[in-house]
Amino acid sequence: MSRVTPDAAPAKLPPLFADWFARRGWSARRHQLEMVAAAQAGSHALLVAPTGGGKTLAGFLPSLIDLAERGPKPESGPGSGVHTLYLSPLKALTTDVERNLMTPIREIGLNIHVESRTGDTKQSKRQRQRDFPPDILLTTPEQLALFCAWEGARAYFADLKCVVLDEVHAIWSGKRGDLLSLGLARLQQFSPAMRRVGLSATIDDPDLIREWLAPHGSNAAESREAVRLVKGDPGAQAVVDVLVSEGRVPWSGHTGQHAIPEVYAAIQRSTLALIFVNTRWQSEFVFQQLWAINDDNLPIGLHHGSLAPEQRRKVEAAMARGDLRAVVCTSTLDLGIDWGDVDLVIQMAAPKGSSRLVQRIGRANHRLDEPSRALLVPASRFELLECQAAREAVARAAHQMHRYPSTDHSRLRAAIAEVHGLDPDRIICGVGSDEIIHFLCQAYAGPGTEVLFTEHGFLMYRISAMAAGATPVAAPATSYSSAASRPGCSAVSPPTSAVSARRQPSATPRTMSAMRSGTTLPHAM
């Protein structure tokens, strides 16, 4: 059972920010003040609050306060770099957050420079961002990986005070989470005092995220306690209906074509509807089917990842202005996007998970005190059961929380594990210098994790029981060693099979095949 850290007492807002809340007729929510208190204490933090509860503002509020008290930004030297780095899983979310963040900055009159950087950003703007770092940089995990590979990254992030991870539940459990762990460890090297802040609305077991979010301690409990848990007050219960079509419902299929007339009728009754589908092909199909019966010529848009960036931006701007009545979209719009006029979310076909469904439902009436409305449209009779199960899961607030092991180099790990009698899911493969291996420790190496280092396609004989912060133990000197110890590692002698494999490659072809495949590790990581 997760518990809120007892010392997470609310803080008071500076007069400049308190007056802004008052002018808008708002009052700061408890979890927003607790996030300010966590920042003042220098603590990492995980905020779990329902959609519409002001999570994004809570994540940025400590940074805005700190930057407001800083004064004019120096042109060079200490304090001239990036202060806060924001990471989101979606490019559209990054753009939306940039627009919303500028509202308090502009209305309060803060001298804070905010920019976004995604795969759609022009090269000229990227170069300018390198030469003149903004105070707050909004980007994605993939862009962070490219930044960390840049030779100037150490100086660029030397002033980094905080990293904000939005919708962290959507990143942490997969390969993107593995990539992001490496990026966070690298940033922690550049700026050791950097705080990590996670934001999410759909977390069933926050302790899993806290362990992942924290810089690794000596054990899981220590990692959890390093991240302060802040929970927001519950919001209004969502209203979720399942469409029972009057037409012929097929026994199989995934398009929902039979229900298109009823979906169109729901669009007519709403102000702005988001119609979510599960694939890009489905989005094109549903979009064409709706326009085929659009006798009222309602403005209906399309949004998915294969469209040109200009087309996506055009649809997003039209939504913000209230020019559209409906948008058919994929997962490109299902996280954190704040479109206040959306009053209905339609899910075509089964949502394939309650966590995803909760995120999509939250796009409607993006406010804490107003219920979101959603309509589930099963594509077949079997999916009617799936939709009903998803509806009940949303009502119980039961969200999936799975930790999926990374499958990168799975064949290499399996071969090595078989030879050396190790658990393949607890092996990390790395290549490079002591510095690289050290931040691999910070990113991945919890208690009991075996780490195998390779160099030039051969085993370096080193299989270590890694634990970040452990006292290094020198390995016995051999002709096959290039280093006696690793930072943060406990080193052991090589197994006989690893040494003999290098002397007699033909004796163990499976081992040598695995070793040769290690030459591709740096590129995949």
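Above: the structure in question.
Counting starts from 1 at the beginning of each chain's written sequence and moves along it residue by residue. Restriction of local features to residues with pLDDT of at least 70 applies here, the model being predicted, together with a cutoff of 80 or more for giving and counting side-chain atom pairs; totals for whole chains, interfaces and linings are based on all residues. Calculated side-chain values reflect all of the structure's heavy atoms, with hydrogen atoms and water omitted.

Trainee: Just checking my understanding: could you explain the pattern of salt bridges for this structure?
Mentor: Any two side chains of opposite charge can pair, on the condition that their charged atoms come close. By definition, a salt bridge exists where a carboxyl oxygen of Asp or Glu is found within 4 Å of a side-chain nitrogen of Lys or Arg. On inspection of all chains with the given rule, the structure shows twelve salt bridges. When the shortest N-O distance is used, the salt bridge between D135 and R70 registers 2.9 Å. Here D135, found in the loop between helix 5 (123-131) and strand 4 (136-139), pairs with R70, found in helix 3 (residues 55-70); they are 65 residues apart in sequence, far enough to count as distant. Three labels apply to residues, based on accessible area from a 1.4 Å probe with only protein chains included: buried if under 20% of the type maximum, exposed if over 50%, partly exposed otherwise in between. Taking relative accessible area as the criterion, R70 reaches 29% and is therefore assigned partly exposed. A salt bridge links R128 to E115, with the shortest nitrogen-to-oxygen separation between them at 2.6 Å. Of the two residues, R128 is situated in helix 5 and E115 in strand 3 (residues 114-116); the sequence distance between them amounts to 13 residues. Since its relative accessible area comes to 38%, R128 is described here as partly exposed. For E115, a relative accessible area of 5% translates into the label buried. Here the salt bridges do not stand alone but share partners, grouping D120, R312, R313 and E316 into one network. Numbering of helices and strands runs from the N terminus; a helix is a DSSP stretch of H or I covering at least four residues, while a strand is a stretch of E covering at least two.

Trainee: Where do I start with the environment of E316 in this structure?
Mentor: For E316, the location among the structural elements is in helix 13 (residues 309-321). Separated by 224 residues in the primary sequence, E316 and A92 have C-alpha atoms spaced 8.2 Å apart. A polar atom in the side chain of E316 sits 2.8 Å from the side chain of H303. Any pair of nitrogen or oxygen atoms within 3.5 Å is treated as a polar contact; in protein, a donor-acceptor pairing is required on top of that, and neighbouring residues in sequence qualify only through side-chain atoms on both sides.

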